[in-house]
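Architecture at a glance
Okay, here's what each chain looks like letter by letter:
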Amino acid sequence: MSGQFIAFFVLALLTIGGAVFMISFHRVVHMVVALAFTFLSIAGLYILLEAEFVAMTQILVYSGAISVLMLFGIMLTRHDASEVQEKKSPVKWLIRIGVSVFFIIVFLGIQSVQWSDKPADFTAKDNVKEIGVQMFTNYVIPFEMVSVLLLVALVGAIILAKKEAEEE
Amino acid sequence: MSVPINSYLLVALILFCIGLYGALTKRNAVVVLLSIELMLNAVNLNLVAFAKYGLFPHISGQIFSLFTITVAAAEAAVGLAILISLYRNRNTVQVDEMDLMKR
Amino acid sequence: MEMIANAWLVPLFPLLAFVLLVAFGRQLKEAAAYVGILATGASFVVALLIFFERFAEDAKDYIYNNFHWLTFAGKEITMGFEVNQLNAMMLVIVTLVSMLVHIYSRGYMHGDERFPVFYQYLALFTFSMLGVVLSPNILQLYIFWELVGVCSFLLVGFYFYKPEAKAAAKKAFIVTRIGDVGLFIGLALIFWWVGSFNYNDIFNKIEAGAVEEWKLTLIGILIFVGAVGKSGQFPLHTWLPDAMEGPTPVSALIHAATMVAAGVYLVARMYDLYLASPVAAETVAYIGGFTAIFAASIGLTQRDIKRVLAYSTVSQLGYMMLALGAASAAGYVAGTFHLMTHAFFKALLFLAAGSVIHAVHTQDIFEMGGLWKKMRITGLVFLIGCLAIAGIPPFAGFWSKEEILVATLSSGHIDLFVVALIAASFTAFYMFRLFFLTFSGQARGGAEAHESPGVMTVPMLVLAVLAVVAGFINTPWKPVLGEWLTDGFTMFHAGGHSAEHAAPVWVTLLAVGVSLVGIWLAWSMYGKGTIPQGEGGPLYRLSFHKYYVDEIYDAVFVKPLRAIGKGMYAFDVWVVDGLVRLVVAFTKGVGSTGARMQNGQVQTYGAIAFIGLVLLIAGLTIAGGYAEQWRTIFLQS
């Protein structure tokens, strides 16, 4: 039982636990907090997978920016502190069954694939450097497109969320 | 003996299913957005796992996941902007009450 | 020969009258009578010409049977018409009585709203009856037979706003229908075993001995069942008295002279069959004899003038069947001769009864009386009718009834002979009971009676004359009719039967004697009043209530059938309808489920899409064999 296993086990537990709590809490703010835990645990899993840069990005963007963004959204739109109610029962059960079946099928699919025995070897390499090399040679155009995308999203969000000009 | 890839994929699957359930069931629009973020995270985990242990392991998996994170962030921002503007119009964030498509 | 070749004209005139009346009846109103009278008059003239032609010395049967109708089982079915002795006689009888009834109805139905409709039905009936008589094959006869039944239904139910009339019409049709089933099965068997419907083919085969006797017996009995229905023999007699709900001219035409005679005509027409099968002939004789006395015993106590006459009709038809059942030339002649005389005097009696009813507006004889002084003509013709039916010489009924008794005696059935004598006595009794209660004594009812108009009395007088003289056509010293009727019958000559007979004198004396006894008894009880009428004992009640036959039928047949009908109805409502409603509910359910899915909620749409995806991949997994594959790999790993 190596340390990797233990680490994986704990992190996986935290991840899944955070997600389950997110679903089962009643107040939205608690939900966001649970989700932040999940994000952090996923970052840990990334580190286990020797993807440090992705892990840091995850922490910065997800548990940093997006969680705070969601909190802003909640605070601005909550018109009462009431709980989140759920849909009526019959459809919920149908969805539960659907999701379970989906899970079982994909699980079986996962188990039946013959995965390769030789994983990639990232230990000797510098993760950031590798990513940088690939990003600016093979994937430079998507990189530039993503920056345009972010600009567009920024402008769009501002316009959408702005108050109407006449309304004062 | 390292952690087999199946485990990572399983965790991702569980996260995905939970996120799906939340997206289809919850009434508060913010919670729906949260669930969508969860689903995207599950996908990211898959990608990074395949980058290391998949059939053709390559760093492209991590690069792909970076892009996914970016797009997810942009989508969250725009989604919340829409939500706020809707809230201003209808004074509610319950998804059930946004049903103009029916009539 | 020319007129016989055009015998198809005889039913054509009433058919034309029917069509004209249907088209123009409403405009014509009371003038519709003249259309009917003209048509039947023309038919009568043609029928007379045909009769005289056929009566000539060297006349032969004429058959036109070439109109090809359809083909099945490799055999051709044709339609056409035929004229032989029996036909020719029947043509005259039917057209004559029909014409007289048409004239009479002009007066009787005067003022009725549906006057033209009445004449329409009468014309249609005349056409159908003539069709029955002229048919050269038994299938065509069956077609017209059913048509006659329909017309009877229409005419009995003429006063359809009266519930009794409606019920009586239905009863008439249904009860005769039961008989018709027997006839139809007989028809089918004939076709199966003989191979043709044509009378001549059938008789040739029978004479050649090509059909076994048990087959002939079966066919004979089945055809007789049809006759039992139409001629109101026991046990299918119940419809005839109830059919008196129809207007009286209808009773005269249909239920006295023509339709009920169709059964007798059928048996006579198929006589070769009954000659070849003694069992069938005995069945005919016994049922006829039983009916004769059964109906006569009911007629003893009835109060309605028309019902007495109805039971009398049933009884007289029993006589005819009794005669035909003797299976000899004498029986054949006696039966058909009585058919003719009965047509005349029974129609006369009904028309006279109608005249009485028209005058006093009641049908209960205990409310009549003393009409002799006020309605001399009606009374006179009624008396003539009563004397004829009672068998008093020299009236027509005497000759025909005597022949029946002789034929029965010579066939060897002494028991039937005694029964016939007793029934004759009853007949005389109840007819004169009717006469005395209606015409003699003091007026018991309150109505002012006066004689009927000429248009009604003239037909009665014509029939009265016929009731007197018609008998002379076949006296024992000069059996003109008998010889003429049996002329072409090879089976008579082959079997050694002949029309030659001398009536033993004691039979004649006995017959007249019992009738006179009956008349005297009626005179004593109802005319002079010397013998008191007394209280009704159990026998009286039995007779008055028609031996409870109707009630028995109701309990045994009607109620169980109705229960079965209700059961079937419940089955229909719950099971059959239930299935239909299930389908409806299912469709509605599917529809409403679909409607609920379109509620404008994005989450619903997403859920539906996701579930669809899950179903798809689940299906692929199970059907594509992946499940097995995965399971094995899963278990191995």
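This text gives an overview of the structure that appears in the document. Quick caveat: nothing in here was measured; it's all calculated off a predicted structure.

Criteria and cut-off values
- Residues numbered from 1 in each chain as written.
- Chains lettered and ligands numbered in written order.
- Predicted model: local features only at pLDDT ≥ 70, side-chain atom pairs only at ≥ 80, totals over all residues.
- Helix = DSSP H or I, 4+ residues; strand = E, 2+ residues; numbered from the N terminus.
- Rg over C-alpha atoms; globule rule 2.2 N^0.38 Å.
- Buried ≥ 20, exposed ≤ 12 C-beta atoms within 10 Å, placed from the backbone.
- Contact = placed C-beta atoms within 7 Å.
- Nonpolar A, V, L, I, M, F, W, Y, C, P; charged D, E, K, R; others polar.
- Core = buried A, V, L, I, M, F, W, Y, C linked by C-beta atoms within 7 Å.
- Axes fitted to C-alpha atoms, helices over the stretch in contact; angles between N-to-C directions.
- Parallel < 35°, antiparallel > 145°, perpendicular 65-115°, else oblique.

This part is about the overall build of chain B. Within chain B one finds 3 helices and 0 strands. Overall, chain B shows an N-to-C arrangement of helices and strands of α-α-α. Its C-alpha radius of gyration of 17 Å places chain B more than 25% over the 13 Å reference for a compact globule of 103 residues. Seen along its three principal axes, the alpha-carbon backbone of chain B occupies a region of about 55 × 25 × 20 Å. Considering chain B as a whole, with its 103 residues, one finds that 56% of them fall into the buried category. Long-range contacts, defined here as pairs at least 24 residues apart, represent 49% of the contacts in chain B between residues at least 6 apart.

What follows concerns unusual backbone geometry. All names here are of chain C. With an omega dihedral of 0°, the bond running from F234 to P235 counts as a cis peptide bond. In this structure, P235 sits in the loop between α9 (213-231) and α10 (239-242). A positive phi is found at A327, a non-glycine position, where the angle reads about 55°. Among the secondary structure elements, A327 is positioned in the loop between α15 (305-324) and α16 (329-360).

Let us now look at the interface of chain C and chain B. If you look at the interface, chain C gives 8 residues, while chain B gives 7 residues. In terms of residue class, the side of chain C that touches chain B is built from 3 nonpolar, 5 polar and no charged.

A few words on the nonpolar core. Core analysis: the biggest nonpolar cluster contains 208 residues, and V267(C), A347(C), L348(C), A420(C) and A467(C) have the highest contact counts within it. When residues of this core are assigned to their parent elements, the largest contribution, 20 residues, is made by α16(C). Among all residues touching L348(C), those that are not within four sequence positions of it are V381(C), G385(C), M460(C), L463(C), A464(C) and A467(C). One finds A19(A), F39(A), V32(B) and A607(C) within the second-largest nonpolar core, a separate group that totals 73 residues.

Another point: the interface of chain A and chain B. In many reports, interface size means the accessible area that the parts give up when they come together. Facing 67 residues of chain A, the contacting portion of chain B comprises 61 residues. Looking at the side of chain A that touches chain B, the elements with two or more residues in it are α1 (3-24), α2 (28-48), α3 (52-77), α4 (89-112), α5 (127-137) and α6 (140-161) of chain A. For the side of chain A that touches chain B, the leading source of residues is α3(A), giving 12 residues. Class assignment of the residues belonging to the side of chain A that touches chain B gives a composition of 49 nonpolar, 13 polar and 5 charged.

This brings us to the packing of helix α18 (residues 376-390) of chain C against helix α20 (residues 414-439) of chain C. All names here are of chain C. Interhelical geometry of α18 versus α20 gives an angle of 170° and a closest axis separation of 9 Å. By the angle class used here, α18 and α20 are roughly antiparallel. Contact with α18, carried on its side by G379, F382, L383, C386, I389 and A390, involves T427, A428, M431, F432, F435 and F439 of α20 and no other residues of that element. Among the residues forming the contact of α18 with α20, the class breakdown is 10 nonpolar, 2 polar and no charged.

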